[in-house]
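# Structural features, examined
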Amino acid sequence: MFRKEKKDFKNLEAKIAQIKDRKEKAEKLIELGKFYFLNEKYNEAIGKFKEAIKIDENNAEIYYNLGVVYESKNLPDEASQLYTKALELNPGHQLASKHLEKIVGK
Amino acid sequence: MKQCVVLGLGIFGASVAKALVEKGCEVLAIDEDEEKVKEISDVVTQAVQADATEEKALRALGVDKMDIAIVSTGEDMEASILITLLMKELGIKTIVAKAVSPSHGTVLRKVGATRVVFPERDTGVRVAKSLATPDILEHIVLSPEYSILEVHAPKSFIGRTLGEIDVRAKHGVNIIAIKRKLPYLTDTGESDFKEELLITPGAEEEVADSDILVVLGTNKKIDKLRKL
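Residues numbered from 1 in each chain as written. Chains lettered and ligands numbered in written order. Predicted model: local features only at pLDDT ≥ 70, side-chain atom pairs only at ≥ 80, totals over all residues. Heavy atoms only, no water.

Residue and element names in this part refer to chain B. Taken together, the side chains of E32, D33, E34, E35, E39, D76 and E78 present a region of like negative charge at the surface. Top contributing element to the negative patch by residue count: helix 2 (residues 34-40), with three residues. Mapped onto the elements, E35 comes out in helix 2. Residue classification places E35 among the partly exposed positions, given a relative accessible area of 49%. (Patch = residues over 30% accessible without salt bridge, like charges linked within 9 Å, V, L, I, M, F, W, Y side chains within 5 Å. Areas by Shrake-Rupley, 256 points an atom, 1.4 Å probe, with all protein chains shown as cover. Salt bridge = Lys/Arg side-chain N within 4 Å of Asp/Glu carboxyl O. Lys, Arg positive; Asp, Glu negative; His and termini not counted. Charge placed at Lys NZ, Arg CZ, Asp CG, Glu CD. Helix = DSSP H or I, 4+ residues; strand = E, 2+ residues; numbered from the N terminus. Buried < 20%, exposed > 50% of the residue type's maximum accessible area, 1.4 Å probe, protein only.)

So this is what it looks like as structure tokens:
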């Protein structure tokens, strides 16, 4: 079982704000989004993943992660759109197709 | 172990056959189409290509010894009526037949179906309900007055314990279970979640954003709760 990480989110946010490199910044935002998700702070996680998409809009990973958060919030329509987008960018994304099949059906 | 025969392996018949196997039944699957028989042969106990309107062929397969028959050749009305009649003559006690229209259903009942199902009509009703009331995920009618409903946790409940919310006293309904999503990271570091079912949750349980509540109560009271 995964043990919930106890991180100082504010500290991390401040650090990310200083990062100049776009790729690195997007990666850190994804990481922070995942931490928020793990701590069931879904709205904060959505915020971070959306910020990451603005920087790295063709990254299937971010759309998938955002989809999982929406699905956790019981918003399947939004989730399925995001999984579809993730699969457009990376047709081999197995988790995205697994989740999409669960919502839309085979 | 119950022995079942499924006659007609379209999408409906094949799904019924697979689900019966999962429930531990022995399933004999019959269709005229060789392809369809091949497709299901790995899943069911026995899959045979045969004409289901031929009494001799069915007897040779031991269909007369089955407990349940599912007649799923709905689109071909004539065949479905003939097969249902044949199942009755073979002495099968439970005969479930798929109908495509109300009059088809009436005929099926008359020739011996013990239960008639209308998958298209029923799915239509379900789809309409889910579009009209998207917050209701499942609705089990216990009586004209009482229901069990699966609903998203109302916003005003989130972050509070069941004890604080006190739905039984304040809203006159019981939360009999909570379906909860537990976020985790996969081995490759991807977000994912597991689903957990908390049966008869205690008063200390805090309602989360992602929770689905399974509530039992009168339709009126549940309706009020949904509007919170």
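Once you've had a look at it, read on.
What follows concerns the pairing of strand 5 (residues 94-98) of chain B. All names here are of chain B. Across the five residues of strand 5, four count as buried, placing the element largely inside the fold. Both strand 5 and strand 6 (residues 115-117) contribute to a ladder of three bridges, which runs parallel. Bridge pairing links K98 to V117 in strand 6. Handedness of the crossover is the feature at issue here: the chain leaves strand 5, passes through helix 5 (residues 102-110), returns alongside strand 6, and the resulting connection is right-handed. (Pairing = 2+ DSSP bridges. Right-handed = clockwise from strand over helix to strand, strands pointing away.)

A word on the interface of chain B and chain A. Across the contact, 19 residues belong to chain B and 19 residues belong to chain A. Area buried by chain B at its contact with chain A is led by P183, S191 and F193 of chain B, which between them contribute 32% of it. If you look at where chain B meets chain A, you find three salt bridges. Between E195 of chain B and K102 of chain A there is a salt bridge, with the nearest N and O atoms lying 4.0 Å from each other. The interface formed by chain B and chain A holds eight residue pairs in polar contact (both at pLDDT 80 or more) in total. (Contact = heavy atoms within 4.5 Å. Buried area = accessible area lost by both parts, 1.4 Å probe. Polar contact = N/O pair within 3.5 Å; in protein donor to acceptor, adjacent residues only side chain to side chain.)

Glancing now at the packing of aromatic side chains. All names here are of chain A. For the structure shown, the criterion picks out two aromatic pairs over all chains. Between F37 and Y42, the ring centres sit 5.9 Å apart and the planes meet at 50°, which makes this aromatic pair tilted. Residue classification places Y42 among the buried positions, given a relative accessible area of 2%. Taken together, a centroid distance of 5.9 Å and an interplanar angle of 35° make the contact between Y64 and Y83 tilted. (Phe/Tyr/Trp six-rings, centres within 6.5 Å; stacked < 30°, edge-to-face > 60°.)

If you look at the biggest cluster of nonpolar residues, it comprises 32 residues, and the most contacted ones within it are F37, F49, Y64, L66, V69 and Y83 of chain A. Elements represented by at least two residues in this core include exactly helix 1 (9-18), helix 2 (22-38), helix 3 (42-55), helix 4 (60-72), helix 5 (76-89) and helix 6 (94-104) of chain A. Looking at this core, the element that brings in the most residues is helix 4 of chain A, giving eight residues. Those residues within four positions of Y83 of chain A in sequence are excluded, and the remaining contacts are Y64, G67, V68, E71, A96, H99, L100 and I103 of chain A. Grouped together as the second largest cluster of nonpolar side chains are 25 residues, I30, I83, L90 and I95 of chain B included. (Core = buried A, V, L, I, M, F, W, Y, C linked by side-chain atoms within 4.5 Å.)

By domain assignment, chain B separates into domain 1 (3-119) and domain 2 (132-226). A straight line from the C-alpha centre of domain 1 of chain B to that of domain 2 of chain B covers 39 Å. (Domains from an automatic or database assignment.)

Residues and elements named next belong to chain B. As summarised here, the arrangement of the five strands in space is 7-8-11-9-10, forming an open sheet in which the pairing is antiparallel. What marks the edges here is a single partner per strand, and that holds for strand 7 (136-141) and strand 10 (191-199). Ignoring strand direction, the axes of neighbouring strands in this sheet form an average angle of 15°. Bridge analysis of strand 8 (residues 146-152) against strand 11 (residues 212-218) gives seven bridges, and the strand direction is antiparallel. Bridge assignment links H152 to a residue of strand 11, and that residue is I212. Against the sheet, helix 9 (residues 219-226) touches strand 7, strand 8 and strand 11, its axis set at about 145° to strand 11. (Axes fitted to C-alpha atoms, helices over the stretch in contact; angles between N-to-C directions.)

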